[in-house]
Amino acid sequence: MATQLSFDLPAPPATAETPLVPVRMVNEWVYCPRLAFLEWVDGEWADSDDTEQGRRAHVRVDAGGGRLPAAEAVDDRPDFSVRSVMLASERLGIVAKMDLVEGEDGTVTPVDTKKG
């Protein structure tokens, strides 16, 4: 059974100068804290064939398109799909770009595009 990792240091207080952490970095830290440090703090990155193909596949996704309705209008609006939506939470200190957000029958679903 895998051991649950813990980070015993409290997070510093968020300020206007504190950058929001990309959700991808949270995923990287869970996978490998050292790799997350190298990517986030040191800015080190080495592309692979998979990341190059993923970058090419995201060209259409990253172009954007559609319009996200206001939360209170989701039930009243017909089905929708929106590409390349940035979502952030200052309270959680995170930011993410959603590849696709689909709304159908009053249910909103985020979709993440991956190679594979």
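Just so it is clear, the model here is predicted, and its values are computed rather than measured.

Conventions adopted
Residues numbered from 1 in each chain as written. Predicted model: local features only at pLDDT ≥ 70, side-chain atom pairs only at ≥ 80, totals over all residues. Heavy atoms only, no water. Helix = DSSP H or I, 4+ residues; strand = E, 2+ residues; numbered from the N terminus. Contact = heavy atoms within 4.5 Å. Areas by Shrake-Rupley, 256 points an atom, 1.4 Å probe, with all protein chains shown as cover. 1 Å grid on protein atoms, 1.4 Å probe; cavity = no way out; pocket = protein on both sides within 12 Å on 5 of 7 lines; lining within 4 Å. Points joined across faces, edges and corners; volume = space filled by probe spheres on them. Nonpolar A, V, L, I, M, F, W, Y, C, P; charged D, E, K, R; others polar. Buried < 20%, exposed > 50% of the residue type's maximum accessible area, 1.4 Å probe, protein only. Salt bridge = Lys/Arg side-chain N within 4 Å of Asp/Glu carboxyl O.

**Q** Explain the overall build of the protein chain to me, please; I cannot follow it from the model alone.
**A** Helix and strand counts for the protein chain come out as three helices and four strands. When contacts within the protein chain are restricted to residue pairs at least 6 apart in sequence, long-range pairs at least 24 apart make up 29% of them. Summed over all atoms, the accessible surface of the protein chain reaches about 9,300 Å², with 55% contributed by carbon and sulfur.

**Q** Even after reading the chapter, I still don't get the layout of surface pockets, so can you show me in this structure?
**A** Empty space among the atoms becomes visible once a probe the size of a water molecule is rolled across them. Estimated volume of the largest pocket: approximately 1,100 Å³. Every residue lining the largest pocket is counted, 25 residues in all, and those nearest its centre are R24, H58, D112, T113 and K114. Broken down by secondary-structure element, the contributors of at least two residues to the lining of the largest pocket are helix 1 (23-31), helix 3 (49-62) and strand 3 (94-104). Tallied by class, the residues present in the lining of the largest pocket amount to eight nonpolar, six polar and eleven charged.

**Q** So what exactly am I meant to see when it comes to the environment of T113 here?
**A** Tracing the chain through its elements places T113 in the segment after strand 4 (107-111). The class for T113 is partly exposed, based on a relative accessible area of 27%. Taking the C-alpha atoms as reference points, T113 and M98, separated by 15 residues in sequence, lie 8.9 Å from one another.

**Q** For this particular structure, what's the right way to read the pattern of salt bridges?
**A** Close approach of charged atoms allows side chains of opposite charge to pair. Using the criterion set out here, one finds one salt bridge in the structure. Between R24 and E39 there is a salt bridge, with its nearest N and O atoms 3.4 Å apart. With R24 in helix 1 and E39 in helix 2 (residues 33-40), this residue pair connects regions lying 15 residues apart in the sequence. On the accessibility criterion, R24 (48% relative accessible area) is partly exposed.

**Q** For this particular structure, what's the right way to read the side chain of E39?
**A** Since its relative accessible area comes to 12%, E39 is described here as buried. Among all residues touching E39, those that are not within four sequence positions of it are R24, M25, E28, E44 and W45.

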